[in-house]
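Single-letter residue listing:
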Amino acid sequence: MKLFCVDVPKVRGRMAERGFTIASLSCELNISRNTLSSYLSNPEKIPYDVLNCMAEKLCSGTSDAVSIFFAPDFRNA
């Protein structure tokens with residue numbers, strides 16, 4: 001069962017708002033630029049620890065993170 005559902009357009013928008021490029025965010029996450037790009041193309045492959053770090057870097061709070069990174073209805077995830 002998938003417990004998260006990443007809204008990639010919102011992630012990219014938040015990256016722009018916070019001044020991150022793929023290269024700069026990947027550096028903050030301690031992963032390669034290519035890996036982050038791959039994760040954004042296939043968000044179901046993002047490991048939970050990377051997802052958590054992305055939420056910390058891009059979101060202002062729990063409800064903000066939930067709206068971007070977690071399925072609103074787990075039964076349909």
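Draft legend 1. The environment of Asn34, seen in detail. One can find Asn34 in helix H3 (residues 33–41). Residues Asn34 and Ala23, spaced 11 residues apart in sequence, show a C-alpha to C-alpha distance of 8.6 Å.

Draft legend 2. Spatial organisation of helix H5 (residues 62–69). Those residues of H5 that sit buried are Asp64, Ala65, Ile68 and Phe69. Within H5, the buried residues cover an arc of 105° as seen down the axis, which keeps them to one side. For H5, exposure combined with an orientation more than 90 degrees from the buried face picks out Thr62 and Ser63. Elements that come into contact with the buried residues of H5 comprise helix H1 (8–17) and helix H4 (48–58).

Draft legend 3. Structural detail: the environment of Cys5. Along the chain, Cys5 turns up in the segment before H1. The spatial distance from the C-alpha of Cys5 to the C-alpha of Ser67 is 9.6 Å, given a sequence separation of 62 residues.

Cut-offs and rules
- Residues numbered from 1 in each chain as written.
- Predicted model: local features only at pLDDT ≥ 70, side-chain atom pairs only at ≥ 80, totals over all residues.
- Heavy atoms only, no water.
- Helix = DSSP H or I, 4+ residues; strand = E, 2+ residues; numbered from the N terminus.
- Buried < 20%, exposed > 50% of the residue type's maximum accessible area, 1.4 Å probe, protein only.
- Arc of directions from axis to C-beta.
- Contact = heavy atoms within 4.5 Å.

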